[in-house]
Amino acid sequence: MNSFIKTGEPQVFVCGTALALILVMTLTLAGVVLKNGLGYFWPRQLVQFEMKDGSRLLGEVRATERNQLTGAGQIQIKISNRDLYGQDFKWVSESDVASRSVPEEAILLERMEHGNFAGFLKKVEGEGVEYLRTGSAVKDLALAVEAVREKMKEVAAVRKKMISLNYKIEKRRREIQKLKFRDISANSAAISALEAEKEKLESEFNRINEESGRMEGEARRFYGLFADASGTEKEIALADIIRIQTPNSMSAPEKIGAYFERTRELLLDDPRESNTEGGLFPAIFGTIMMVLLMSCFSLPFGVIAAIYLREYAKEGIVTRMVGIAVNNLAGVPSIVYGIFGLGFFVYGIGGSIDRLFFPERLPTPTFGTGGILWSSLTLALLTVPVVIVATEESLASIPRGIREGSLALGATKFQTLIRLLLPMATPGIMTGMILSMARAAGEVAPLMIVGVVKLAPALPFDGNFPFFHMDRKFMHLGFHIFDVGFQSPNVEAAKPMVYITTLLLLAIVAASGSMAIYLRNRMRKKYTTSHF
Amino acid sequence: MPQTVKTDPKPILSVSGLNLFYSEKQALKDINLVMRRNQVTAFIGPSGCGKSTLLRCFNRMNDLIDSVRIDGSINFEGEEINTPSTDVITLRRRIGMVFQHSNPFPKSIYENIVYGLRIAGVKDKSTLDETVERSLRSAAIWDEVKDRLHESALGLSGGQAQRICIARAIAVNPEIILMDEPCSALDPISTFKIEELIEELKLEYTIIIVTHNMQQAARVSDVTGFFYMGELIEAGETRKIFTNPEKAQTEDYITGRFG
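Everything numeric here is computed off the predicted structure, so don't read it as measured data.

Novice: So what about the pattern of salt bridges? Which residues, and what values?
Specialist: Once the charged atoms of two side chains with opposite charge are near each other, the side chains can pair. Residues and elements named next belong to chain A. Summed over the entire model, instances satisfying the criterion amount to 43 salt bridges over all chains. Between Glu265 and Arg243 there is a salt bridge, and its shortest N-O distance comes to 3.2 Å. Here Glu265 is found in helix H6 (residues 252–268), whereas its partner Arg243 is found in strand S11 (residues 241–245), with 22 residues between them in sequence. Using a relative accessible area of 5% as the deciding quantity, one classes Glu265 as buried. Three or more residues are tied together by salt bridges with common partners; here these are Glu110, Arg243, Glu261, Arg262, Arg264 and Glu265.

Okay, structure coming up:
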């Protein structure tokens, strides 16, 4: 036995097993997320169940399992039509099913509200007249929906003007507030001028509002008459229909087309139905912008601090203590940073900014509330130790000969740093940077208290001057997972969205990780110092 | 071959009463030595005898170590250089250094050579080009690298890299070149090339070389100093040191009885 251990084989075996275990767990995680995330957009069959009691159900089969008490088989069906049934899902016992069929003409509608509708199309009507164009009811519906959508696009364009107008009105209102706060009598002329401007904008706003209302009302006069599996009729305004599918008669290319269309929507559109449907664009945008903003703070500060610690600070007890403290900072629970961020950045600095620059708006806070700036700063604080450690280590790994060679030629320490050390340390700094970006992208706890919200009314970046609105709250993929998965009123329906969001977040982190490795290898090739 | 010096040339660097301490430990004890213009001075002695430490006093490289304390005088061309007010940057430009391990920067050969000029603020392209050719020719490596000046200097062999480092040192036109065991990591052929180079370089520069290799000291130097335990045991004309040393310790070392 003793001699067997001395051969070293068991140790190798233990190490190998540990590695294999980790690999299996990682791959399982990735596999589960991939399977559930990637499959969701694929159009599924609508199955019609004839029950033994004579009722009918139409929906997608989501799961089959054995009842834990009775042992009988049961099926989970996504029956949709939340407005009719009050729920999206239904469990039926397999023994209650008389027969199943896959009706060709079954139709699935994605709607603005109340989730999907699964059923059959009866007719399309507009202004009391049946809409007949092609002879095929479904094609008619598609045409009519397309026509209505064009109109709704016009409405949306007008609404966009309203947002911009609203912003301008708000700006005037604040200016008036400011002037009044300072000195009403001295600024009365300016105030009345602003009031006039504001009124003009407001009347413009009202006019547009009415116009858009009228346009929408016109569009809403077109509707489709549908029936569910049991024959209950339902009128649905075409303006509410986002997508029409007849999954039972779709060909493979059509399904692929639908798949990519949904993916596009996911990446580029706004969420709907309390985030459980629609796109993730604001969350993706918020995550990336927050991470980039964070890098703008943590990279320079981290690198400069590391340079001081490594190149200028005298070796000694203080330097060592600082080094230890920096390493420990990386291990502080992130929620602690969140609370610190709330107290220091939001209430402390933000509150002071409000008192100094926006006293007229108080008690409504401007910077004294969570926002993308404070979130970025909080996360920068959280990730700066990673950058410091990475920079310090890559500076330390530069051979002494390089420094001495440069100094011996009459270079100052600073010149050596700029011309040789920093370029050589760049691969290491980049690695630290991207690791910290990945960490920041995945962090949720601190963000919840310093500026992330479930649904942000506007992106932190838009066409209104000054374009970046640092005080705005924003959406974040990590928080989105938490919110949709655990805070949503309709958890079962939201499940696929959770998987997809997770997949996207993992993809962003994995992509940044691979980018780090690629960049590091490229730069390493350039800066490797040969020793003979 | 060592040459006999007919008349002593002008002194360029003189050390008197130099003591150096690393924290408590004394590494150099009362060194008195004069180095002369256009001569090759070799420092020999066993490891840890202080010869490299003394060499690094001349361009103040010991400043990089916090715990070092130096007292005594080093006079360079009539100027005291061992004072806090000495302009170290200018001093290092006038006294260049070549290290034991070749240390080309991770840049092109061209950029390596012009590094000293660039940090001094020289921007004129023709000056830079001229310097590169002159330095590389002086370091006897022009023919080997002239076609790949803009390739990385990291791809060179050890001997070539060391000659690039010598070229880099002479590019800023120093008066003295300090060499700290420049051949200890090189094969015999590269060593031979560097030794030939030293012969040529001394026509223009003053060279102070630290070496472990006594044959090398005998081959290239005009004056040799023998160090032992931080003390300068004996210094004099190389031929005399190697054939007829005054001190028994020197003789023991040179004949290989210790060290």
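Novice: Talk me through unusual backbone geometry; I want residue IDs and the actual numbers.
Specialist: A positive phi is found at His114 of chain A, a non-glycine position, where the angle reads about 65°. Overall, His114 of chain A belongs to the partly exposed group, its relative accessible area being 40%. The phi angle at Ala140 of chain B is positive, at roughly 55°, despite the residue not being glycine. As for its position among the elements, Ala140 of chain B is in the loop between helix H4 (125–138) and helix H5 (142–145).

Novice: Give a detailed account of the packing of helix H7 (residues 281–312) of chain A against helix H12 (residues 413–442) of chain A, specifying residues and quantitative values.
Specialist: Residue and element names in this part refer to chain A. At a minimum axis distance of 9 Å, the contact between H7 and H12 shows a crossing angle of 140°. Relative to H12, H7 is oriented oblique. Between H7 and H12 lies a crossing of right-handed hand. Between H7 and H12, the residues in contact are Thr287, Met290, Val291, Leu292, Met294, Ser295, Ser298, Leu299, Val303, Ile307, Glu311 and Tyr312 and Lys413, Phe414, Leu417, Leu421, Leu422, Ile429, Met433, Ser436, Met437, Ala440 and Ala441, respectively. Looking at side-chain class alone, the contact of H7 with H12 contains 17 nonpolar, 4 polar and 2 charged residues.

Novice: Describe the pairing of strand S10 (residues 233–237) of chain A, and please don't skip the residues or the numbers.
Specialist: Successive side chains on a regular strand alternate, one facing one side of the sheet and the next facing the other. All names here are of chain A. The pairing of strand S9 (residues 222–227) with S10 spans 5 bridges and is antiparallel. Bridging across to S10, Phe226 finds its partner in Lys234. Hairpin connection from S9 to S10: 5 residues lie between these consecutive antiparallel strands, with Gly231 at a positive phi of about 95°.

Rules and cut-offs
- Residues numbered from 1 in each chain as written.
- Chains lettered and ligands numbered in written order.
- Predicted model: local features only at pLDDT ≥ 70, side-chain atom pairs only at ≥ 80, totals over all residues.
- Heavy atoms only, no water.
- Salt bridge = Lys/Arg side-chain N within 4 Å of Asp/Glu carboxyl O.
- Helix = DSSP H or I, 4+ residues; strand = E, 2+ residues; numbered from the N terminus.
- Buried < 20%, exposed > 50% of the residue type's maximum accessible area, 1.4 Å probe, protein only.
- Axes fitted to C-alpha atoms, helices over the stretch in contact; angles between N-to-C directions.
- Parallel < 35°, antiparallel > 145°, perpendicular 65-115°, else oblique.
- Left-handed = near helix turned anticlockwise from the far one by under 90°.
- Contact = heavy atoms within 4.5 Å.
- Nonpolar A, V, L, I, M, F, W, Y, C, P; charged D, E, K, R; others polar.
- Pairing = 2+ DSSP bridges.

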